[in-house]
Amino acid sequence: MKKLLGVLALCGAAGMASAAPAESFWTYRYTGFLNADTQQFDAGATWGGYFRGTDRNADGIIQKAELSEFRWNYTTAEIWSDREYCYMYNGCYLDQFSYDTRSGKLNFDFDAYIVDEHYSSSIDVVAGQAYQSKYSGSSSREIDTWHWTAQTRFEITPAPVPEPATVWMLGAGLGALGLAARRRRS
């Protein structure tokens, strides 16, 4: 019995030691939006991106502080501890972010902008609500606004899978094997 308890303790410690969080990568896509100008639903309108992060506190939810990178369409932001760095944009802000790895619920609020002497461009997206892009050139101004609806489809890869705690499952399995071996001896 002492040997069995020793083996279980060692296996549990090894499982906990190897459970250091690793960075993960997800791609996401929304399809089907209501065009605010035409008031028509466009089933083919598709936008999305990807994000990288590590669930450091192992609560099953990736928060902004646990991200290293976020992308919406062609706008990529590297997330540093105190700010975001954007490629090709003067500035970007990931005001809010959370992804529940068990339910697949993704929430974010992301803005980016470019300004120079000839034109300006900006995007503003609040997941589940609206996506707006603005462009102002020397002779034109364009604003596109798209709204999420009940028909908007969401896909994320890898798909969320609720998983039991691996260490506890290992311990329970080894404990069951130990009990079965003990009963056979009796």
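The sections below set out a description of the structure shown in this document. (Residues numbered from 1 in each chain as written. Predicted model: local features only at pLDDT ≥ 70, side-chain atom pairs only at ≥ 80, totals over all residues. Heavy atoms only, no water.)

Details of the overall build of the chain
Thinking step 1. Counting secondary structure elements, the chain contains 2 helices and 12 strands.
Thinking step 2. Looking at the 186 residues of the chain, the share that counts as buried comes to 32%.
Thinking step 3. Counted over contacts in the chain with a minimum sequence separation of 6, partners at least 24 positions apart contribute 45%.
Thinking step 4. Taken as a whole, the chain presents about 11,800 Å² of accessible surface, with 55% of it coming from carbon and sulfur. (Helix = DSSP H or I, 4+ residues; strand = E, 2+ residues; numbered from the N terminus. Buried < 20%, exposed > 50% of the residue type's maximum accessible area, 1.4 Å probe, protein only. Contact = heavy atoms within 4.5 Å. Areas by Shrake-Rupley, 256 points an atom, 1.4 Å probe, with all protein chains shown as cover.)

Quick look at the environment of Gln-63
Thinking step 1. By secondary structure assignment, the location of Gln-63 is in strand β3 (residues 61-63).
Thinking step 2. According to the relative accessible area criterion, Gln-63 is partly exposed, its value standing at 33%.
Thinking step 3. Distance from Gln-63 to Asn-107, taken between C-alpha atoms, is 9.7 Å for residues 44 residues apart in sequence.
Thinking step 4. Contacts of Gln-63, omitting those with residues within four sequence positions, involve Phe-97 and Ser-98.

As for the pairing of strand β2 (residues 40-53)
Thinking step 1. Summarising the sheet, strand β1 (residues 24-35) and β2 pair through 11 bridges and their orientation is antiparallel. Looking at the pairing, Phe-33 lines up with Asp-42 of β2.
Thinking step 2. Pairing of β2 with strand β4 (residues 67-72), which is carried by 5 bridges, proceeds in the antiparallel orientation. What sits directly across from Phe-51, in β4, is Phe-70. (Pairing = 2+ DSSP bridges.)

Details of the environment of Tyr-28
Thinking step 1. Assignment of secondary structure puts Tyr-28 in strand β1.
Thinking step 2. Residue Tyr-28 is classed as buried on the basis of its relative accessible area of 4%.
Thinking step 3. As a C-alpha pair, Tyr-28 and Trp-72 span 44 residues in sequence and 9.3 Å in three-dimensional space.
Thinking step 4. The residues touching Tyr-28, leaving out its near neighbours within four places in the chain, are Gly-48, Gly-49, Tyr-50, Phe-51, Phe-70, Arg-71, Trp-72, Leu-106, Phe-108, Phe-154, Glu-155 and Ile-156.

A word on the side chain of Thr-152
Thinking step 1. Turning to its location among the elements, Thr-152 is positioned in the loop between β11 (141-147) and β12 (153-157).
Thinking step 2. Under the relative-accessibility criterion, Thr-152 is labelled buried at 14%.
Thinking step 3. From its side chain, Thr-152 meets the backbone nitrogen of Thr-149 in a polar contact 2.9 Å long.
Thinking step 4. Beyond its immediate stretch of four places on either side in the chain, Thr-152 contacts Tyr-30, Thr-31, Gly-32, Phe-33, Phe-41 and His-147. (Polar contact = N/O pair within 3.5 Å; in protein donor to acceptor, adjacent residues only side chain to side chain.)

Re the state of the cysteines
Thinking step 1. Taken as a whole, this structure holds 1 disulfide when the rule is applied.
Thinking step 2. The partner cysteine of Cys-86 in its disulfide is Cys-92, sulfur to sulfur 1.5 Å. In terms of burial, Cys-86 and Cys-92 fall into one category: buried. (Disulfide = S-S within 2.5 Å.)

Re the nonpolar core
Thinking step 1. Within the largest apolar cluster, 31 residues are counted, with the highest numbers of intra-cluster contacts made by Phe-51, Phe-70, Trp-72, Phe-97, Phe-108 and Phe-110.
Thinking step 2. Elements supplying a minimum of two residues to this core: β1, β2, β4, β5 (75-79), β7 (91-100), β8 (106-115) and β9 (120-126).
Thinking step 3. With 5 residues, the top contributor of residues to this core is β8. (Core = buried A, V, L, I, M, F, W, Y, C linked by side-chain atoms within 4.5 Å.)

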